[in-house]
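# Topology and contacts: notes
What follows is the residue order along each chain.
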Amino acid sequence: MCHGIVTEGEEIHSDHDAEVSSGRSSSSKLGRRPKRKGAASSQRDSMSDKRQKNQLQMLLAFTGEGRSEAPQARREGTESLTANRAHESPALPERVMEEVCERENCLRALKRVKANKGSPGIDGMGVGELPGYLKQHWPGLREQLLRGTYRPQPVRRVEIAKPDGGVRKLGIPTVLDRFIQQAVMQVLQSKWDATFSEHSHGFRPRRSAHQAVAKAQQYIAEGNRWVVDLDLEKFFDRVNHDRLMAAIARRVTDKRMLKLIRAFLESGVMENGLVSPVDEGTPQGGPLSPLLSNLVLDELDRELERRQHRFVRYADDCNIYVASERAGKRVMHSVTSFIRRRLKLQVNGAKSAVARPQERKFLGFSFTQRGKRRIAPKALLRCKHKVRELTRRTRGISLEQMTKELASYLQGWKSYFGYNQTPSVLEKLDRWIRRRLRSVIWKQRKRRSSWRLANSPALSVPFPIAYFDSLGLPRLFEG
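The rules behind these values
- Residues numbered from 1 in each chain as written.
- Predicted model: local features only at pLDDT ≥ 70, side-chain atom pairs only at ≥ 80, totals over all residues.
- Heavy atoms only, no water.
- Axes fitted to C-alpha atoms, helices over the stretch in contact; angles between N-to-C directions.
- Helix = DSSP H or I, 4+ residues; strand = E, 2+ residues; numbered from the N terminus.
- Parallel < 35°, antiparallel > 145°, perpendicular 65-115°, else oblique.
- Left-handed = near helix turned anticlockwise from the far one by under 90°.
- Contact = heavy atoms within 4.5 Å.
- Nonpolar A, V, L, I, M, F, W, Y, C, P; charged D, E, K, R; others polar.
- Buried < 20%, exposed > 50% of the residue type's maximum accessible area, 1.4 Å probe, protein only.
- Pairing = 2+ DSSP bridges.
- Expected span 1.5 Å × (residues − 1).
- Arc of directions from axis to C-beta.
- Phe/Tyr/Trp six-rings, centres within 6.5 Å; stacked < 30°, edge-to-face > 60°.
- Lys NZ or Arg CZ within 6 Å of the ring centre and 35° of its normal.
- pLDDT = per-residue confidence, 0-100.
- Salt bridge = Lys/Arg side-chain N within 4 Å of Asp/Glu carboxyl O.
- Core = buried A, V, L, I, M, F, W, Y, C linked by side-chain atoms within 4.5 Å.
- Disulfide = S-S within 2.5 Å.
- Polar contact = N/O pair within 3.5 Å; in protein donor to acceptor, adjacent residues only side chain to side chain.

## A short note on the packing of helix 14 (residues 399-417) against helix 15 (residues 423-444)
Relative orientation of the contacting elements helix 14 and helix 15 amounts to 165 degrees, with a least axis distance of 12 Å. With respect to each other, helix 14 and helix 15 are oriented roughly antiparallel. The way helix 14 lies across helix 15 gives a crossing that is right-handed. The residues of helix 15 that touch helix 14, namely those facing Leu399, Met402, Leu406, Leu410 and Trp413, are Leu426, Leu429, Ile433, Leu437, Val440, Ile441 and Gln444. Among the residues making up the contact of helix 14 with helix 15, the classes are represented as 11 nonpolar, one polar and no charged.

Structure representation (structure tokens):
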């Protein structure tokens, strides 16, 4: 069998020999001249040769263009008056699906899916079962992908609570579909990413939320003291499929790929044992969804660049920085109209506003009057809520186990929110966390819990900072 393996350390055999053979055959056909059969036949043959020559020249031109380097990012602190990027990548040749099925790409996709872990889809298959399944079934799956006959399964509906109330609906694909989506995403992202706006930071390689926050801070420092904070209402649930597929078709000509993406979009949702059809939206939960969302909102980025706005976008969070409240209200009205008319999306009026930057939050951060980064109040409250859950005095676990779980959460929290520029907030939070743990110690000794006593010398002296350091509790403030 020549199509085998997708597990790490083993090979995925491709049809390389067949492709090489096919290439020789097509080359010989291209170079062979038919025998002369008269004036009319000669004229047709001449026209055919010219068409083949033109097609070959176009192919060579496209290949050369595809190898060109992506434009370098502009230096920090400068604002472009025009977009220096190619807004649309050229239509891709009809070999995209072959790139998806290449061995190295599939191994990378498998590694990523395993690292992300995640819950099973509707078939119940776990991430740990995927390598064995692919080893057995990959030849048939590969054949389906190359023939354009692969059909994804419906996603499993999951609802998670939002920090500020309400629920967010997720669609969990099967592990196999996540693997295929990841493989597709890797190929398409490598071809599309250079065409996206430099103002877009979400779900892109070598870009981060911290860079987006820093860019917003730069705009404020330059004198743009008002922000137009746009919140797209249920963005992932309301993406128009036809508009999205039209945008993809302008970049991809491989009909098998277009058919596969359409199938992912319309695979349906299983909820309470029933499968419902889906005619709009890109379900959150699959690896392909963030890339498609960036493609949809690329049209918004282009429009904002055309208007020479100073803006930052991270997925569906978009902030535009202006010099006055009056300008902000004008921008809010015109951009909202554009989003509704052209993108067929809605702006959440209750969550969108024109305000001072220190009155709004962006990716968990806000800003002081002097323009310094600070942790948004709601993000700080969520952290305290989580710490309270992990340090409940009635959990019935040892202090060592409790501290271990708390340390795991705080390390991740610190790696993100440690980017703030108000260290006094972290120092105060550190003291509060240690006080919580001293209260746990007092309770575990079968004594009445006392929050006030936990901050007194009676407990702070025998259980100093060094004691919690020895338990592995990370310090949020290093001073």
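Let us keep going from here.
## Some remarks on unusual backbone geometry
For residues that are not glycine, phi is negative in most cases, and the peptide bond is trans in most cases. Of note, Gln308 is a non-glycine position whose phi angle comes to about 65 degrees, a positive value. Assignment of secondary structure puts Gln308 in the loop between helix 11 (289-306) and strand 6 (310-314). Judged by relative accessible area, Gln308 falls into the partly exposed class, the value being 42%. Residue Lys344 is not a glycine yet carries a positive backbone phi of 60 degrees. Looking at the element boundaries, Lys344 is found in the loop between helix 12 (325-342) and strand 8 (353-355).

## Remarks on the sheet that holds strand 3 (residues 226-231)
Ordered by their spatial adjacency, four strands build an open sheet running 6-7-3-8, and the pairing between neighbours is antiparallel. Here the strands that pair on one side only, and so sit at the sheet edges, are strand 6 and strand 8. Neighbour-to-neighbour, the strand axes of the sheet open up by a mean angle of 15 degrees, direction not taken into account. Relative to strand 7 (residues 317-322), strand 3 runs antiparallel, the two sharing six bridges. Each bridged residue has a counterpart across the sheet, and for Asp229 the counterpart in strand 7 is Asn319. In the packing of helix 12 onto the sheet, the strands contacted are strand 3, strand 7 and strand 8, and the crossing angle to strand 3 comes to about 20 degrees.

## Here we look at helix 13 (residues 377-390)
Its 14 residues place the ends of helix 13 20 Å apart at the C-alpha level, agreeing with the 20 Å of an ideal helix rising 1.5 Å per residue. For helix 13, the full list of buried residues reads Ala379, Cys383, Val387 and Leu390. Buried residues of helix 13 fall within an arc of 80 degrees about the axis and therefore sit on the same side. Where helix 13 is buried, its residues meet strand 10 (373-375), helix 14 and helix 15.

## Side note on the packing of aromatic side chains
Any two aromatic rings considered together are summarised by their centre-to-centre distance and by the angle between their planes. As enumerated under the stated definition, the model contains 11 aromatic pairs in all. With a centroid separation of 5.9 Å and an interplanar angle of 40 degrees, the aromatic rings of Tyr219 and Tyr321 are classed as tilted. On the criterion of sequence distance, the pair formed by Tyr219 in helix 7 (residues 209-221) and Tyr321 in strand 7 is long-range, its members being 102 residues apart. Here the two residues Tyr219 and Tyr321 agree in accessibility, since each one is buried. Sitting over the ring of Tyr419, Arg373 keeps its end group 3.7 Å from the ring centre. Over the aromatic face of Trp432 sits the side chain of Lys384, whose NZ or CZ is 5.2 Å from the ring centroid.

## Description of the confidence of the model for the chain
Chain-level statistics for the chain give a pLDDT mean of 82 and a share of 77% at 70 or above. Throughout residues 1-47 the model reports pLDDT below 50, and contacts reaching past four residues in sequence, or to other chains, amount to 52 contacts.

## Describing the pattern of salt bridges
Using the criterion set out here, one finds 23 salt bridges in the structure. Across the salt bridge formed by Asp254 and Arg256, the nearest N and O atoms sit 2.9 Å from each other. The exposure class assigned to Arg256 is buried, which follows from its relative accessible area of 17%. Measuring nitrogen to oxygen at the nearest pair gives 2.7 Å for the salt bridge that ties Arg306 to Glu303.

## Digging into helix 11
With 18 residues, helix 11 should cover 26 Å at 1.5 Å per step; its first-to-last C-alpha distance of 26 Å lies within 8% of that length. Of all the 18 residues making up helix 11, 15 are buried; the element is thus mostly covered by neighbouring parts of the structure.

## Description of the nonpolar core
Counting residues in hydrophobic clusters, the biggest one holds 68 residues, and the most contacted among them are Phe179, Ile248, Ile320 and Ile339. The element best represented in this core is helix 6 (residues 175-192), accounting for 10 residues. Residues Ala216, Tyr321, Phe365 and Leu429 belong to the second largest nonpolar core, which totals 41 residues.

## Remarks on the pairing of strand 6
The side chains of a regular strand alternate between both faces of the sheet. Of all five residues making up strand 6, four are buried, and the element is well covered by its neighbours. When strand 6 meets strand 7, the two strands line up antiparallel, connected through five bridges. Paired with Arg310 across the strands is Tyr321, a residue of strand 7. The antiparallel hairpin formed by strand 6 and strand 7 contains two residues in its connecting segment, where Ala315 sits at a positive phi of about 55 degrees.

## Digging into the environment of Met257
Inspection of the secondary structure assignment puts Met257 in helix 10 (residues 255-265). C-alpha separation for the pair Met257 and Val100, spaced 157 residues apart in sequence, amounts to 9.5 Å.

## Considerations on the state of the cysteines
In the structure shown here, the tally under the stated rule is zero disulfides. Cysteine Cys101 is unpaired, with the sulfur of Cys106 as its nearest cysteine sulfur at 5.8 Å. Relative accessible area serves as the criterion here: at 2%, Cys101 is assigned to the buried category.

## What about the environment of Asp254?
You can see Asp254 is positioned in the loop between helix 9 (241-249) and helix 10. For the pair Asp254 and Met97, spaced 157 residues apart in the sequence, the C-alpha separation amounts to 7.4 Å. Looking at Asp254, its side chain comes within polar contact range of the side chain of Arg256, at 2.9 Å.

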